[in-house]
Each structure stands twice: as C-alpha cells, then as structure tokens.
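Listed here are the chains, written in short residue letters.
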6 protein chains.
Amino acid sequence: MKTIYITRRETFNAAHKLWKPEWSEEKNDKVFGKCANKNWHGHNFQLYVTVKGVPNPDTGFVINLKTLSAIVREKVVEALDHKNLNLDVPFLQGIMASTENVAIAIWDLIEEDILTNGGELAKIKLIETENNFVEYYGGKEPF
Amino acid sequence: MKTIYITRRETFNAAHKLWKPEWSEEKNDKVFGKCANKNWHGHNFQLYVTVKGVPNPDTGFVINLKTLSAIVREKVVEALDHKNLNLDVPFLQGIMASTENVAIAIWDLIEEDILTNGGELAKIKLIETENNFVEYYGGKEPF
Amino acid sequence: MKTIYITRRETFNAAHKLWKPEWSEEKNDKVFGKCANKNWHGHNFQLYVTVKGVPNPDTGFVINLKTLSAIVREKVVEALDHKNLNLDVPFLQGIMASTENVAIAIWDLIEEDILTNGGELAKIKLIETENNFVEYYGGKEPF
Amino acid sequence: MKTIYITRRETFNAAHKLWKPEWSEEKNDKVFGKCANKNWHGHNFQLYVTVKGVPNPDTGFVINLKTLSAIVREKVVEALDHKNLNLDVPFLQGIMASTENVAIAIWDLIEEDILTNGGELAKIKLIETENNFVEYYGGKEPF
Amino acid sequence: MKTIYITRRETFNAAHKLWKPEWSEEKNDKVFGKCANKNWHGHNFQLYVTVKGVPNPDTGFVINLKTLSAIVREKVVEALDHKNLNLDVPFLQGIMASTENVAIAIWDLIEEDILTNGGELAKIKLIETENNFVEYYGGKEPF
Amino acid sequence: MKTIYITRRETFNAAHKLWKPEWSEEKNDKVFGKCANKNWHGHNFQLYVTVKGVPNPDTGFVINLKTLSAIVREKVVEALDHKNLNLDVPFLQGIMASTENVAIAIWDLIEEDILTNGGELAKIKLIETENNFVEYYGGKEPF
C-alpha cells in the first residue's frame, strides 16, 4: 500500500485588510502596519491543495484531478475570487482575514467533499506574496 | 556609443475595481465581469522600469540602480503599495484603474526624475497576474 | 494617442516530434537529435499573445482580456491542448512542427479575429521549455 | 547528529496518454478526459529528488550533488527524456502512466544507488504542470 | 488548538568556495569540482524561514511577519548579503561553506529570537540554485 | 520571408565586485554600496541569447538550438561559470564588471560564431537578480 500525495493549484485574486474593530486606529496601525489600510489592499493568492491516498490500480490516481479541481473551484475559488475577504465571504465573517485564518477556513470548507470522493485532505498551502505563505495540516504537526 | 537597457523590478500589492459610474450595474457587469465587484478585489503587481543609456566609463552603469530603485519606491511604491487604486491615489483620480492606465500614469510620474538622474525612461511593464500584463513605451510603437 | 501593449498568457500541453520523412533515420537523428524520437515527446507550452492599441476612454482597455482570452482559447488552445502537433492539428499539416513554425501558424490563426475586435496583433511569444522560446512579430523586424 | 535534507532538480520532456485498454473509448474519455487523446500529449516534467543524511565533517555534504545528479541522469533522465512514457520505457510497461505511478517507479529505480553512495532517499517530487504535482516518500506517511 | 506553519522568504547574494585547506589541490578539485575555484564564485541565495504556532485570536497571526522579517534581516541577511561566506562571516569560520552547513548555522542563529517573540522555528529552507536546495528541521527527521 | 526570433537560456554562477582602484574606499562605498565588498559577492546569472532569422524550410529552424547552445556554453559559460568575473576572465580585464559591461562583452564574444552558423545575433539579456537585468541589442536602439 503505497501512500502518495497529489497537489492541485488554483488561484484567486482578492482584497482584504487586517483591522480589529475593538482596537484604536493607532493600535491597528502599530500591529498591522500597511495591512491596516482602511480602503483595503489585495493579492494574487495561490492555493495548493494536497490529497493523500494510494493510487487506484485501474486509473493510477489518488483522486481524479478533474474532481479535485472542481471541488476547489466550486467551494473556494467561486467564493473568494475577485472578492473582498472581509466583506463578501460568509465563512470568513467575524474572523481576522489573515492568511493563517483563510487557510484554516479553506480546509474546513473542502475536507468533507474530498473524503466523499475517496481522498484524504492532507495539506493546504496558501501563498499570499512571493515572500509570505502558510501551510496547514488540519491542525496536526507533521514537523 | 553602445546603448543598453537596464531594468529594475519593484512590487506593490493593491486593491482596485473596474467600475464606470455613468453606467448601469448591468453594463458594468457585462463589460468588466468579476472585476466590477463592488467591494473591490486586488493583486500583487510587479512593476518593471527600464532605462536606456550608454554605460558610464567610470561605473559601468547606465544609471545607478540604487538611484533608480529610490525613485520608483518614493514616487510609485509609496503611493500604490497596500492602497486602493481607485480611492487612495491622487494621480489616478478620475481614471479607470485598468492596468493600461496605471502603467501610463506611472510613466508620467517618474519620467522626469529619471532624466534628471542621467537616464532615459524606455519602458514600463506592469504585471497584474501571471496571465496578464501591459508594456508601455511612452506612447511610441517600437513594434 | 498613447499606444500600449497588452499581453494574455494561455497554456497548452502537447506531443510532437521533429522528423522529415524525406530524410533517412540517420539524417533525422543527426539534425534533430532527441527531438526525432519516433514515438514522440512533449511539452507544456506557454503562449503569450500581445495586442497593441490605445486604451478606450470608457474602459481603459486596449482590448477586453475576456475577449482576447476567448479568441485564443477557441482558436488555439482548443486545437492544440492535449494534442499531437504532427497528427491532430489541421493547420500544422505538412509543416515541420518546430516552435518557430507553430508560433507563425498561431499568428495567422488569430490575427483577423483580433482585428475584428478592435485590436492589432503585435507579437506571439511561444515558450517550449524554460530554456527555449520564440518571438514572432508577424514577420516584421522590430529589433 | 544533525539530519538535513538536500534536493536536486532534473528535468525531462516526455509524451504520454492515460488510456486503459480494457475499457471502452467512452469510459476512457469519461475518466481521463483530454489526457486520453489517442495520439498522445506531453509535458515538461520537473523531478526533485530529496536525500537525507548528516553532513560529512570533511565536505559539509549529505551527498555530493555531482553524484546525485549523475545517478538521476543516468537512471531516470536517460530513460524518460524525449521519450513516450507508455511505449519507450521498460520499467513503466503495464503501468498506467499517471504522475503518481511514474513517481513511484522513479523511487524504486534510484533508491538502491543512493544508498550505495551513502545517502538515504527521502522524497520524490514530480511536477507535471504548474498546477499539478505529486510527492512520494517511499510509501510512508510523513503527514 | 490549530497548529499552522508560516514562512517568510528573504534573499541574499554571496560569494563562497568549497575548499579544504588540509587537502591537496587535486583532491579539492576532484571532490568539489568547479565549486573549488580559488577565486570564488557566488549565488543568489533564497532563504525560507518557517515558524509554527497557533494563530493568535486577536491578530490571526502565528507571528507578526514584520517581526519575523526583522529578525531574519538583522541576524542573517545583514551578515551574509553581499559577503564572502568563507571570509566575512564570523559564525561560519572554520566551517565548510556548503549549503547544508550554512542552513544549519542560520537555524542556530535565529532559533532563540523567534522563541522570544512567541514563535517556534520549524524549518530552514535554503535555495542555492534553481537545481539545488536544502531543508533543515533543527536536526529532527519529519520524513 | 518571415523573420522570427529564437532564444536560448544558459546559466552561470559567478563572483564579482564593483570597485574602481583609482577611487578612495569612501568613494567606492558611496557609489557602489554593498557591491563594493572587498571580499566579493556573487550571483546566479541567467543569460538569454536571441538570434533572428527566417526558419529553414527543411528544419523549421532559425538556428539549430544544439548549435546555439554549444556556442554559448563553449564561449561564455565555460569562461564565466564558477569564476570570479574580475580576476578569472581574460575578456573582462580592465572593465568594470557591471551587468551592463558583462552583457556587452558577451555579445562581442559570440556575434561572429552565430553568424558563421547562419544566424544573426539580435539580443543579449542578462539577469543578475530577480530585481535587476539588462538587455543589449548590439548598441542599437530598438525602443
């Protein structure tokens, strides 16, 4: 039984800001710096979704990438692409729209659908800029 | 006299939307699609500024890249990074914030300063996503 | 009248080989090397299509990228993606499937449609590998 | 004893198709979509081979990258570059040429040689396109 | 308690050579090849620093990236950028300047500062060229 | 007669410094900043060599890329890879080793050989870092 990991990349472009309403403007600026800009800023996000499993003997697939892509596009890209992460996204309401929290929310959004399709979600990698990204393993600590 | 072209990359992350107030919501959606999202979206922009000239015999430089970088950061990145291109940028007021128009505005903003420092602005390349970019040569048609 | 250039990237994955039927196997191997492998090889091609024009005062667009993307996908990607360039592509029949010739054929395929949509095709860039690419300006010599 | 991981990238360009002879054309098309194209398609594959070990006190090396590169080129690149994965590769005969299966086959092909040279194969990463890749840890589940 | 990993990229350009003074020139050349060039060579190094933790409920941050970037720039980039790794860097004295050893030294240099700022250093990835990189997990073996 | 441009990428890793012996240390530091570090620094250079011509009717080639690659490797990479640009390279003696000057020297080194092989050298692009590069058209001003 040879476990292997397969990853699909999808992209979305979105606006957001880091701003805590309970805090003063000064505190927001001090903690979040430029990311607290009132009128938003934005990014080209790159999302890598990794599924683990054993290749199916008939297809050689852990999961059909058409299926995986369809899940991610329908559940994640549809909801986040060309959107404002703070204002337009129901499942991010009341959550600080940090890359960390967005990645965790994406995991929760698709974990079930991937399981239903015979795969097991193993990792979410979300790249915000060429200098910053997060990796989430469902809360586990693989390293 | 060996003319050569030197390019400096700087980056900025910004929000914008494509929306024409004189048009109905339907027309805006039809023409601009997802880019018309009311609550904005955003991008990691990559800006390439190309200067032409003959290398200085003492330094081997067309223009000192520290100088070129300082001009672009002070005039462009300071104004656009972590900003809303429609709301926060004086020199983009009243202009549709398309990549084309932003690139043209950047040219006008720095052409003079580069000349003052002994270079000649030759090209602005502005990358909006891995799939879309514009190139501007000051209105000239090199090809 | 400020001429500017806008570029759209599309991708396709295809098989091909370089093989001249009039030549002996020895000569094919000598000229084309590994690219003459009888059973084909393949590439992830990246296609950059550049259109020139003056931004429309209403939209800020040289050409609507949705339109440009639709032309390239319908005429080029549909015909070449997941295909064998030697066997499956009517407009490449009887032509050596070198990157040069594929780029020229792509120009001829979309030049008219872009003109009909108010743009002027300026350049085709076709990347075969990270080490090899061609650029075609409709036969003109911009440099 | 400080374990560290070193990775070497090699590339190869190959043709393949996903097609199960026992299945009807309809079923092949339904499951494999464009990848079932009869006349093949192809990719620029990027292969990352990761070896783990403790740096040698004399050289600072886990494994000499010249040695690692030579193993991968001789055993893998020689066999796969500018080849048809379905037709030209003895060790892939009778195996569905999915990225998963190719990665597993590559592991089996070089594991021993790396051990003989004092390293321990830790991971094979095989990138098929900018949107798809697999990672194999010899069947283990590191995460 | 949802553990997540956040990574910051910083870059530095440096010269080095691989040369063991106790060895003859012949042996140095045989083991280190071109890397033993007496007059040095150099690289654009890319350094990825990964910190693990649980997002702070107020900020959504594992660690403030401004803080993480400041630590890496002050302790690592300041010491290595535009330097000779063999001659100019106190903490690399007496150590073979292989990518492996540089990565291990970087870990030791910043582990404490990251802990003081509420994070836990999880991984150092150091890219020497597009074909070579190392990954270090503090000596642990996550896979 | 359809002129087209074909480009081959080759890479080399080298050390250099920017230092003018006739100047004081203060002046060198002021003009060249970190690049004046006495003990050198280095880069992964990427060299793109562009040749123009009309595809040969038999081969579809402007120039055989095996030939072009061989010229560049023999004349340029052999001379610069894993070398010190200031000390080890005969054709750069007495020249400030700026990216501009290295690109111009590379042009002069290979122009003739490319002509002998039926091509016409059109452009040298030399990338020093992800933020800095130069482009040289033999002294001409295409834009």
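Everything that follows concerns the structure shown earlier in this document.
Worth saying up front: this structure is predicted, and the values here are computed from it rather than measured.

Here we come to the interface of chain A and chain D. Facing 25 residues of chain A, the contacting portion of chain D comprises 28 residues. Both sides together, the interface formed by chain A and chain D hides about 2,300 Å², and carbon and sulfur atoms give 54% of it. Our count for the chain A to chain D interface comes out at 4 salt bridges. When the shortest N-O distance is used, the salt bridge between D:Lys20 and A:Asp58 registers 3.4 Å. At the boundary of chain A and chain D, one finds 15 residue pairs in polar contact (both at pLDDT 80 or more). Looking at the side of chain A that touches chain D, the elements that each hand over two or more residues are strand 1 (3-16), strand 2 (41-53), helix 2 (65-80) and strand 4 (120-129) of chain A. Among the elements that make up the side of chain A that touches chain D, the one with the highest residue count is strand 1 of chain A (7 residues).

Moving on to the interface of chain C and chain B. Contacts between the two partners involve 26 residues from chain C and, on the opposite side, 28 residues from chain B. For the pair chain C and chain B, the two sides together bury roughly 2,300 Å², of which 53% comes from carbon and sulfur. At the junction of chain C and chain B, the tally comes to 4 salt bridges. Note that B:Asp108 is salt-bridged to C:Lys2, the shortest N-O span being 3.5 Å. Between chain C and chain B we count 14 residue pairs in polar contact (both at pLDDT 80 or more) in total.

Applying the stated rule across the entire model yields 1 cavity of 30 Å³ or more. Of the pockets and cavities examined, the largest cavity occupies roughly 30 Å³. Looking at the lining of the largest cavity residue by residue, the class counts come to 3 nonpolar, no polar and 3 charged.

Take the pattern of salt bridges next. All names here are of chain B. Tallying each qualifying case throughout the model produces 76 salt bridges over all chains. Of the charged contacts in the structure, one is a salt bridge between Arg 8 and Glu 10, with a shortest N-O distance of 3.0 Å. On the accessibility criterion, Arg 8 (12% relative accessible area) is buried.

Now for the relation of the copies chain C and chain B. With an RMSD of 0.0 Å, chain C superimposes on chain B once it is rotated by 120° and translated 0.0 Å along the axis. What the rotation and shift describe, once combined, is the action of a three-fold rotation axis. Using C-alpha coordinates, one finds that chain C approaches the rotation axis most closely at C:Pro142, a distance of 3.7 Å. The share of interface residues of chain C whose copies in chain B are also at the interface is only 8%, consistent with the copies meeting through different surfaces.

What follows deals with the relation of the copies chain A and chain D. Laying chain A over chain D is done by rotating through 120° and shifting 0.0 Å along the axis; what remains is an RMSD of 0.0 Å. The overlap is low: 8% of the interface residues of chain A also sit at the interface in chain D, so different surfaces are used on the two sides.

This paragraph deals with the side chain of D:Thr3. Tracing the sequence through the fold places D:Thr3 in strand 1 (residues 3-16). D:Thr3 gets classed as buried once you look at its relative accessible area, which sits at 7%. Beyond its immediate stretch of four places on either side in the chain, D:Thr3 contacts D:Lys52, D:Gly53, D:Val54, E:Tyr136, E:Gly139, E:Lys140 and E:Glu141.

Turning our attention to the side chain of D:His41. Positionally, D:His41 belongs in strand 2 (residues 41-53). Separated by 3.3 Å, the side chains of D:His41 and D:His43 make a polar contact.

The next thing to look at is the pairing of strand 2 (residues 41-53) of chain F. Residue and element names in this part refer to chain F. Of all 13 residues in strand 2, 12 are buried; the element is thus mostly enclosed. Both strand 1 (residues 3-16) and strand 2 contribute to a ladder of 13 bridges, which runs antiparallel. Residue Thr 11 lies in a different strand from strand 2, and its bridge partner there is Gln 46. Here strand 2 pairs with strand 4 (residues 120-129) via 7 bridges, running antiparallel. When the sheet's bridge partners are listed, Val 51 is paired in strand 4 with Leu 121.

A few words on unusual backbone geometry. Residue and element names in this part refer to chain F. For Trp 40, which is not a glycine, the phi torsion comes out positive at approximately 75°. Among the structural elements, Trp 40 can be located in the loop between helix 1 (25-32) and strand 2. Since its relative accessible area comes to 10%, Trp 40 is described here as buried. Despite not being glycine, His 82 has its phi angle at roughly 55°, a positive value. Residue placement: His 82 occurs in the loop between helix 2 (65-80) and strand 3 (83-84). The exposure class assigned to His 82 is buried, which follows from its relative accessible area of 8%.

Here we take up the packing of aromatic side chains. Following the criterion strictly, the structure yields 54 aromatic pairs over all chains and no others. Ring centres of C:Trp23 and C:Phe32 lie 5.8 Å apart, and the angle between their planes is 20°; this geometry places the pair in the stacked category. Plain terms: the ring middles of F:Tyr137 and F:Phe143 are 6.1 Å apart, the flat faces sit at 85° to each other, and that makes the pair edge-to-face. You'll find F:Tyr137 and F:Phe143 in the same group, each marked buried. An aromatic cluster of at least three residues, connected via ring pairs, comprises A:Tyr5, A:Tyr137, A:Phe143, D:Tyr5, D:Tyr137, D:Phe143, E:Tyr5, E:Tyr137 and E:Phe143. Positioned above the aromatic ring of A:Trp19, the side-chain terminus of A:Lys17 is 5.7 Å from the ring centre. Geometry around D:Phe143 places A:Lys123 over its ring, the cationic atom sitting 6.0 Å from the centre.

Summarising the element assignment, F:Asp81 is placed in the loop between helix 2 and strand 3. Separated by 33 residues in the primary sequence, F:Asp81 and F:Tyr48 have C-alpha atoms spaced 15 Å apart. At a separation of 2.7 Å, a polar atom in the side chain of F:Asp81 contacts the side chain of E:Lys34.

This part takes up the pairing of strand 1 of chain A. With respect to burial, strand 1 of chain A is a largely interior element, 13 of its 14 residues being buried. With 6 bridges connecting them, strand 1 of chain A and strand 5 (residues 132-139) of chain D associate as antiparallel partners. When the sheet's bridge partners are listed, A:Ile6 is paired in strand 5 of chain D with D:Val134.

How each quantity is defined
- Residues numbered from 1 in each chain as written.
- Chains lettered and ligands numbered in written order.
- Predicted model: local features only at pLDDT ≥ 70, side-chain atom pairs only at ≥ 80, totals over all residues.
- Heavy atoms only, no water.
- Contact = heavy atoms within 4.5 Å.
- Buried area = accessible area lost by both parts, 1.4 Å probe.
- Salt bridge = Lys/Arg side-chain N within 4 Å of Asp/Glu carboxyl O.
- Polar contact = N/O pair within 3.5 Å; in protein donor to acceptor, adjacent residues only side chain to side chain.
- Helix = DSSP H or I, 4+ residues; strand = E, 2+ residues; numbered from the N terminus.
- 1 Å grid on protein atoms, 1.4 Å probe; cavity = no way out; pocket = protein on both sides within 12 Å on 5 of 7 lines; lining within 4 Å.
- Points joined across faces, edges and corners; volume = space filled by probe spheres on them.
- Nonpolar A, V, L, I, M, F, W, Y, C, P; charged D, E, K, R; others polar.
- Buried < 20%, exposed > 50% of the residue type's maximum accessible area, 1.4 Å probe, protein only.
- Least-squares fit on C-alpha atoms with pLDDT ≥ 70 in both.
- Pairing = 2+ DSSP bridges.
- Phe/Tyr/Trp six-rings, centres within 6.5 Å; stacked < 30°, edge-to-face > 60°.
- Lys NZ or Arg CZ within 6 Å of the ring centre and 35° of its normal.

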